[in-house]
Amino acid sequence: MNCFFDPATPAYVSLSKSYIGDKQSLLAVAENLESEEYYQDTVNGIRAYFDGKTDAMHTVAFEQTPVLRPVHVPDKTELVLGQREWDHINTWGFPYHMQFQSAEVSQLLVSDKSTYHRFVRARITGFGYRNFKDDWRPIGGFIMGNAAVLDIQDRGDDGYGFANLLYVCEDSSESMEEQQRKMQDPDAVVFDGICEEVFGDG
């Protein structure tokens, strides 16, 4: 598990957001961060961790914290979802009307003491939102969250390929059975944490 600044908090608030990924994904994020010239201590820490320095630290939201820590994953699922429309409510309570054509979704159940968290990663086709002119706008060209944790491919006239490299937490409860049921239910998949990477606190 890794933490970065939470992009969905208001500008006057500094909080962290948890992400989960494997070695390959985390090193890809470190490369993205380095190319953006952000969070160099995180870049160094991720690389140091995989070089054997498992106590490597970095600073997030003005606090020193381990750059990575292992997590326990008692369950995981893979789902393919068809076309969907829904409303994403931003941090200020305003809705974005969202849609996608399809999504390949991977979910991890992570146990932390008495709480079970559902983390989601998705590869999304036809990802977009309806703007104030009631037109559908493709997502990918302008990101207000942590762009380094995303994999966006510009496909020209076909829009963008969109995926999050790292899993984000989308749901939590004290019931393992409840989360396992939701992990099998396509209608229960949540995309709020992913949308927050797109819109930040806007």
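Residues numbered from 1 in each chain as written. Predicted model: local features only at pLDDT ≥ 70, side-chain atom pairs only at ≥ 80, totals over all residues. Heavy atoms only, no water.

**Student:** I'd love a proper account of the sheet that holds strand 10 (residues 128–130), names of residues and values included.
**Tutor:** Overall, antiparallel pairing links the four strands, which are arranged 6-7-10-11 in an open sheet. The sheet is open, and its two edges are formed by strand 6 (84–89) and strand 11 (136–138), each paired on a single side. Ignoring which end each strand starts from, the neighbouring axes of this sheet average 35° apart. Where strand 10 and strand 11 come together, three bridges link them in antiparallel fashion. Residue Arg130 lies in a different strand from strand 11, and its bridge partner there is Trp136. (Pairing = 2+ DSSP bridges. Helix = DSSP H or I, 4+ residues; strand = E, 2+ residues; numbered from the N terminus. Axes fitted to C-alpha atoms, helices over the stretch in contact; angles between N-to-C directions.)

**Student:** Give a description of the packing of helix 1 (residues 23–36) against helix 2 (residues 40–50) that names residues and reports values.
**Tutor:** Packing of helix 1 against helix 2 leaves a shortest axis separation of 9 Å and a crossing angle of 150°. In this view, helix 1 runs roughly antiparallel relative to helix 2, as classed from their interaxial angle. Here helix 1 and helix 2 pass one another in a crossing that is left-handed. Contact residues: Lys23, Leu26, Leu27, Ala30, Glu31, Leu33 and Glu34 in helix 1; Gln40, Thr42, Val43, Ile46, Arg47 and Phe50 in helix 2. Looking at the contact of helix 1 with helix 2 residue by residue, the class counts come to seven nonpolar, two polar and four charged. (Parallel < 35°, antiparallel > 145°, perpendicular 65-115°, else oblique. Left-handed = near helix turned anticlockwise from the far one by under 90°. Contact = heavy atoms within 4.5 Å. Nonpolar A, V, L, I, M, F, W, Y, C, P; charged D, E, K, R; others polar.)

**Student:** Could you give me a rundown of the nonpolar core, with the residues and numbers involved?
**Tutor:** The biggest cluster of nonpolar side chains holds 39 residues, and the ones touching the most others in it are Val29, Met98, Phe100, Val105, Phe127, Phe162 and Phe191. Within the residue set of this core, elements represented by two or more residues are helix 1, helix 2, strand 5 (72–81), strand 7 (95–100), strand 8 (102–112), strand 9 (115–125) and helix 4 (192–199). Apart from the residues within four sequence positions on either side, Phe127 is in contact with Trp86, Met98, Gln99, Phe100, Arg137, Pro138, Ile139, Phe162, Cys195 and Val198. Met1, Ile20, Leu108 and Tyr167 belong to the second-largest nonpolar core, a separate cluster that totals six residues. (Core = buried A, V, L, I, M, F, W, Y, C linked by side-chain atoms within 4.5 Å. Buried < 20%, exposed > 50% of the residue type's maximum accessible area, 1.4 Å probe, protein only.)

**Student:** Account for the environment of Thr59, with residues named and values stated.
**Tutor:** Looking at the element boundaries, Thr59 is found in strand 3 (residues 57–60). Taking the C-alpha atoms as reference points, Thr59 and Phe4, 55 residues apart in sequence, are found 8.7 Å from one another. Contacts of Thr59, omitting those with residues within four sequence positions, involve Asp41 and Gln64. Here Gln64 takes part through its side chain, which lies 2.7 Å from a polar atom of the side chain of Thr59. (Polar contact = N/O pair within 3.5 Å; in protein donor to acceptor, adjacent residues only side chain to side chain.)

**Student:** Could you give an account of the environment of Val190, naming the residues involved and the relevant values?
**Tutor:** For Val190, the position within the fold is in the loop between helix 3 (176–183) and helix 4. When its relative accessible area of 22% is taken as the criterion, Val190 is described as partly exposed. Counting along the chain gives 102 residues from Val190 to His88, while the straight-line C-alpha distance between them is 9.7 Å.

**Student:** A description of helix 1 should follow, citing residues and the corresponding values.
**Tutor:** Between its first and last C-alpha atoms helix 1 spans 20 Å; for 14 residues at 1.5 Å apiece the expected length is 20 Å, and the two agree. Inspection of helix 1 places Ser25, Leu26, Val29, Ala30 and Leu33 among the buried residues, and these make up the whole buried set. Around the axis of helix 1, the buried residues are gathered within 145° of arc, so they sit on the same side. In helix 1, the exposed positions that point more than 90 degrees away from the buried face belong to Gln24, Glu31 and Ser35. Two residues or fewer past helix 1, Glu37 is found with a positive phi of approximately 60°. (Expected span 1.5 Å × (residues − 1). Arc of directions from axis to C-beta.)

In short, shape yes, function no, at least from these values alone.
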